[in-house]
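# Tertiary structure, described
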Amino acid sequence: MARTFRIAALAILTLWFGSAGPVSAAPQDRPVRAVATFSILGDLVRQVGGSHVTVATLVGPDSDAHGLSPSPADARKLAEADIVFVNGLGLEGWFDRLIRASGTRAPVVVASAGVKPIPAQDEHAHEDGDHGHGHGDHAVDPHAWQDVANVRTYVANIRDGLAKVDPAHADAYRAAAAAYLAELDALERDVRAAIARIPPERRRIITTHDAFGYFAAAYGLRFIAPQGVSTDSEASPRDVAAIIRQIRKERVPAVFLENISDPRQMQQIARESGARVGGKVYSDALSAPGGPAATYLDLMRSNLKAFDAALMPG
Ligand code: ZN
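This section reports on the structure supplied with the text. (Residues numbered from 1 in each chain as written. Predicted model: local features only at pLDDT ≥ 70, side-chain atom pairs only at ≥ 80, totals over all residues. Heavy atoms only, no water.)

### Points about the sheet that holds strand S4 (residues 108–110)
Strand order across the open sheet formed by four strands is S2-S1-S3-S4, with parallel pairing between neighbours. Sheet topology places strand S2 (53–59) and S4 at the edges, where each strand pairs with a single neighbour. For this sheet, the mean inter-axis angle between neighbouring strands, taken without regard to orientation, is 25°. With three bridges connecting them, strand S1 (residues 32–38) and strand S3 (residues 83–86) associate as parallel partners. Bridge assignment links Ala-36 to a residue of S3, and that residue is Phe-85. (Pairing = 2+ DSSP bridges. Helix = DSSP H or I, 4+ residues; strand = E, 2+ residues; numbered from the N terminus. Axes fitted to C-alpha atoms, helices over the stretch in contact; angles between N-to-C directions.)

### As for the environment of Arg-152
Here Arg-152 is to be found in helix H6 (residues 148–165). Accessibility expressed as a relative area gives 24% for Arg-152, which makes it partly exposed. For Arg-152, the contacting residues outside a window of four places in its chain are Leu-181, Leu-184, Asp-185 and Glu-188. (Buried < 20%, exposed > 50% of the residue type's maximum accessible area, 1.4 Å probe, protein only. Contact = heavy atoms within 4.5 Å.)

### Describing the packing of helix H2 (residues 39–49) against H6
Running from amino to carboxyl end, H2 crosses H6 at an angle of 55°, the nearest separation of the two axes being 10 Å. Regarding the angle of H2 to H6, the classification is oblique. For the crossing formed where H2 meets H6, the hand is right-handed. Between H2 and H6, the residues in contact are Leu-41, Leu-44, Val-45, Val-48 and Gly-49 and Val-151, Tyr-154, Val-155, Ile-158, Arg-159 and Leu-162, respectively. (Parallel < 35°, antiparallel > 145°, perpendicular 65-115°, else oblique. Left-handed = near helix turned anticlockwise from the far one by under 90°.)

### As for unusual backbone geometry
Within the chain, Asp-62 stands out as a residue other than glycine whose phi angle is a positive 55°. Judged by relative accessible area, Asp-62 falls into the partly exposed class, the value being 34%. For Leu-89, which is not a glycine, the phi torsion comes out positive at approximately 60°. Summarising the element assignment, Leu-89 is placed in the loop between S3 and helix H4 (95–102).

### Side note on the packing of helix H9 (residues 237–250) against helix H10 (residues 264–273)
A pair of packed helices can be characterised by two numbers: the angle between their axes and the separation between those axes. Interhelical geometry of H9 versus H10 gives an angle of 45° and a closest axis separation of 9 Å. Comparing their axes, H10 and H9 come out oblique. Handedness of the crossing formed by H9 with H10: right-handed. Judged by residue contacts, Val-240, Ile-243, Ile-244, Ile-247 and Arg-248 of H9 engage Gln-265, Gln-268, Ile-269, Glu-272 and Ser-273 from H10. Residue composition of the contact of H9 with H10, by class: five nonpolar, three polar and two charged. (Nonpolar A, V, L, I, M, F, W, Y, C, P; charged D, E, K, R; others polar.)

Given below as structure tokens:
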């Protein structure tokens, strides 16, 4: 009886909405269940979704989004999701298999869709590409969120994705996205002002892996990394020796440790090159809640402070 009623109601709703969208996906009496592949993206979904969305992430704070060994719990999160957000651009090489295994029918939104990708700085990109799938596609740099302008695109994609699965709260998503875009504008102004204060000849930084290509392209800071754009492989002793020579030759003032990487190699590079360790930067993951980079805005401001402190002469 109840079931017949539900089917009849659904048929009426379907007629009513016509081709307006996936009626069955719209939850009526509970928040939308969103899954984001990694912590930075999860924060952006939270900012736009507000109280109408609960967000689960697959790769959490201080963890490496390039490599995930998916667990049954991850598949379960996806199976229960109403909508799934991925970065794309080859970041989540592990995602396709996991989503197939989960059997989820939730729509998958590629947050970076519409972003202009920059090529990977990785000199091994072509070798990896020849191996085909399994190694991730290193032809483009996946770290698009390091340019604030790209995050505007992420936010627009998130807003539109949420409005589609939950049209009842579309206005709320639009308002939250607009408010957040204003915060991104303020952040972008601060980034430009901070970099402008650093003397041009000191705008050079060493990080563990090439996560700051978009930041470099947008704001004019030069980054050098022993590990390339992915964290799939360790830098070889030859790579490390080359970096040390480069630091000495170009008088790079500081090397930075990333929250997702083993610090030992960078400490060795600092020791042998004479560059100073400029502190910790947040490349691919937020800090734990309560830490200095618990949101995307805090992450960018925290990195900026570290760059500024290490590169300003004094
Ligand atoms: Zn990365």
